[in-house]
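Structural description and commentary
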Amino acid sequence: MIENEKKALEQGCYYDKEAGERAVRWLETYYIHTTIRKPVTLLPWQRFVISQLFGWKDKKGGSRWQRSLISTAKKNGKDLICAGLIKYALYGNISNAPWIVSCSTSRENASNLYEQLAFSIRFNKKMQKITKLYESKKALKIISKNARYKSLSADASTTEGEYALYTISNETHAQPRDAKLFRAVEGSTISSGGTFINISTAGASQNHFFYELFRYAQKVQSDDIIDPRFFPYICSPPTDADIENPDTWRVANPSLDCNEFFTTENFRDQFNRARNSDTGTFISFQRYHLNMWVLNEANYISASHFDSCKVDELSDEILMQYPMFVGFDGSTTGSDPTSISCVWCLPNRRYYVKSFGYIHEEGVKIRKKENPYLLQYQHFVHDGCFEIMPGQTIDSSKLFDYILKLKRYKFKEFIMDMSNYFVMGQQLRHKGITVFQMNQGHKYFNDPVKQFEMAIKEGRIMHDGKQTWLRNGLINAKLDINSEGLVKLSRAKSHEKIDSAISTVQAFARAMANEIDGSKQSVYSDRGLIFI
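The following refers to the structure shown. If you're wondering where the values come from, they're calculated on a predicted model, not measured in any experiment. (Residues numbered from 1 in each chain as written. Predicted model: local features only at pLDDT ≥ 70, side-chain atom pairs only at ≥ 80, totals over all residues. Heavy atoms only, no water.)

Now for the overall build of the protein chain. For the protein chain, the count of helices and strands is 20 helices and 20 strands. A principal-axis box enclosing the C-alpha atoms of the protein chain has dimensions of 85 × 55 × 45 Å. A total of 532 residues make up the protein chain; the buried ones form 55% of that total. Within the protein chain, counting contacts between residues at least 6 apart in sequence, those at least 24 apart form 71% of the total. (Helix = DSSP H or I, 4+ residues; strand = E, 2+ residues; numbered from the N terminus. Buried < 20%, exposed > 50% of the residue type's maximum accessible area, 1.4 Å probe, protein only. Contact = heavy atoms within 4.5 Å.)

When you line up the elements, Ser503 lands in helix α20 (residues 499-514). Separated by 2.9 Å, the side chains of Ser503 and Ser339 make a polar contact. Beyond its immediate sequence surroundings of up to four residues, Ser503 is in contact with Gly327, Phe328, Asp329, Ser339, Ile340, Ser341 and Ser355. (Polar contact = N/O pair within 3.5 Å; in protein donor to acceptor, adjacent residues only side chain to side chain.)

Turning our eyes to something else, we now look at the sheet that holds strand β10 (residues 230-234). An order of β5-β6-β7-β4-β8-β9-β3-β10 is seen for the eight strands of this open sheet, with the pairing classed as mixed. Edge strands, defined here as strands with exactly one partner in the open sheet, are β5 (131-134) and β10. Averaged over all pairs of adjacent strands, the angle between their axes in this sheet comes to 10°, without regard to strand direction. Across six bridges, the pairing between strand β4 (residues 99-104) and strand β7 (residues 147-153) is parallel. The partner of Val101 across the bridge, within β7, is Lys150. Running over the sheet, helix α5 (residues 107-122) touches β4, β5, β6 (139-142) and β7 and is turned about 150° from β7. Sitting on the sheet, helix α7 (residues 180-191) is in contact with β3 (67-71), β4, β7, β8 (166-170) and β9 (195-199), with an inclination near 140° to β9. (Pairing = 2+ DSSP bridges. Axes fitted to C-alpha atoms, helices over the stretch in contact; angles between N-to-C directions.)

The next subject is the packing of helix α11 (residues 279-289) against helix α18 (residues 442-457). α18 packs onto α11 with a crossing angle of 115° between their chain directions and a minimal axis gap of 8 Å. In this structure, α11 contributes Thr279, Gly280 and Thr281 to the contact, and α18 contributes Lys450, Glu453 and Lys457. Taken together, the residues of the contact of α11 with α18 break down into no nonpolar, three polar and three charged. (Nonpolar A, V, L, I, M, F, W, Y, C, P; charged D, E, K, R; others polar.)

Inspection of every chain in the model, using the stated rule, returns 32 aromatic pairs. The interplanar angle of 45° and the centroid separation of 5.0 Å between the aromatic rings of Trp26 and Tyr30 together place this pair among those described as tilted. A residue pair is termed a helical-turn pair when its members lie 3 or 4 positions apart in one helix, as Trp26 and Tyr30 do in helix α2 (residues 17-30) at four residues. The exposure class of Trp26 is buried, given its relative accessible area of 11%. Judged by relative accessible area, Tyr30 falls into the partly exposed class, the value being 34%. Judged by centre distance (5.6 Å) and plane angle (55°), the ring pair of Phe54 and Tyr166 falls under tilted. (Phe/Tyr/Trp six-rings, centres within 6.5 Å; stacked < 30°, edge-to-face > 60°.)

Moving on: the pattern of salt bridges. In this structure the tally under the stated criterion is 21 salt bridges. Here Glu21 ties to Lys17 by a salt bridge, and the two come within 3.9 Å at their closest N and O atoms. On the criterion of helical spacing, the pair formed by Glu21 and Lys17 is a turn pair, its members being four residues apart in helix α2. When its relative accessible area of 34% is taken as the criterion, Glu21 is described as partly exposed. The shortest N-O distance in the salt bridge between Glu313 and Lys466 comes to 3.6 Å. Linking Glu313 in the loop between α12 (303-307) and α13 (316-319) with Lys466 in the loop between β18 (461-462) and α19 (468-476), this pair joins segments that are 153 residues apart in sequence. (Salt bridge = Lys/Arg side-chain N within 4 Å of Asp/Glu carboxyl O.)

In structure tokens, the structure reads:
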């Protein structure tokens, strides 16, 4: 930031070393952390950030900074920076009637930040005496200074925050895409001469407004952009960095090896556990613990992993011994296939899977126009896992009959998203089938998607080698990871259908949730199944 500093000096800005050091001393004396219950000792990087934010002045003696972005990996002490900035700005900073605002992504986060601040205040009798705490409003007021603080959340209706001296946005990457509260508070803070400070890890989507802010901050930090009113502190390794190298870990984690609880060895153990886990967990680890912008869509199941799960086909005689769950993903457009998947619960947490797909002739024609190089559905038909129906619609009565024939097995549940197939769900209930409605959002798919991948890798998912319809859906599926690190299945392009993957994971979710041990009910329980 050498060029940006030169520009600031040309504009009359100056660094007040005593003001910067005073802020550090004050926090190390008066800020009490909820965990250790005693004054904190700031780490070197925290001292640098605090001293820079409060030490640099403009030519009139106010803060040099209009905006700031402080970004490190998680568990490095950003929360302390966030709450510490607020407390010092209220009590320690020499300013007249400061109005401080924090802008969190949810009411829960806003409440947590307020509680951290309130705890530190209650620990000091003098501060508690001059402070009025408003628990329900997550606000406080210092009567003697006419200083105020309010903790706002993005899911609240208010856009209060005008004329704030400092506004702190906590975890900006998780702000809603429309950013109504964020934009309103940022604009009013800067226009009134205040400082808007973002504190956040890397985000989930490069289409989110935070990505542009993050890239802008990096360019200011490297002097590729001259903006002397913007303070960046970005701890993020290059996109081509070796993520197995401890030097890369230190770039994103400035607190690494600064205490006995956060060491390189501890981090190596966390890294290895994440790498050996499911894809979603490892991507989330890179984002949250290496502060890297990893694409929020990643390949799910590889063809080689699925192929390695092939076993000799199990006969109906065997399968009838075990509980079965059926997943359904119905077509929603004229060219969309319908998929029905069966998952049998075998002993020792193993699962046998089959999937069957349907499409009508007109749908095939539409799909060929969309993609002339599309894999021919006849290939699936040849393998006995697909049917092309005549005409322009999928015959729902034929689907209904196919599902009813599955009652010859130990049919436990039929799992579906009933938004477009409510009538079918009701009809199946009237036939004595238990219907479970499963939403296809991140919250409901996160655990089964991750567990299914691990079961594939561990060889606990088994198939007869003819499941080309299911194989195609799984290798087309991508992981869509949201800002909270939750995953669901998605498709990268419209012609890459994943219906079979969706229906199979739905069935697997309920099979896993019910934890049914079929071995207690089977003649094969003593010796298990023999695969040749």
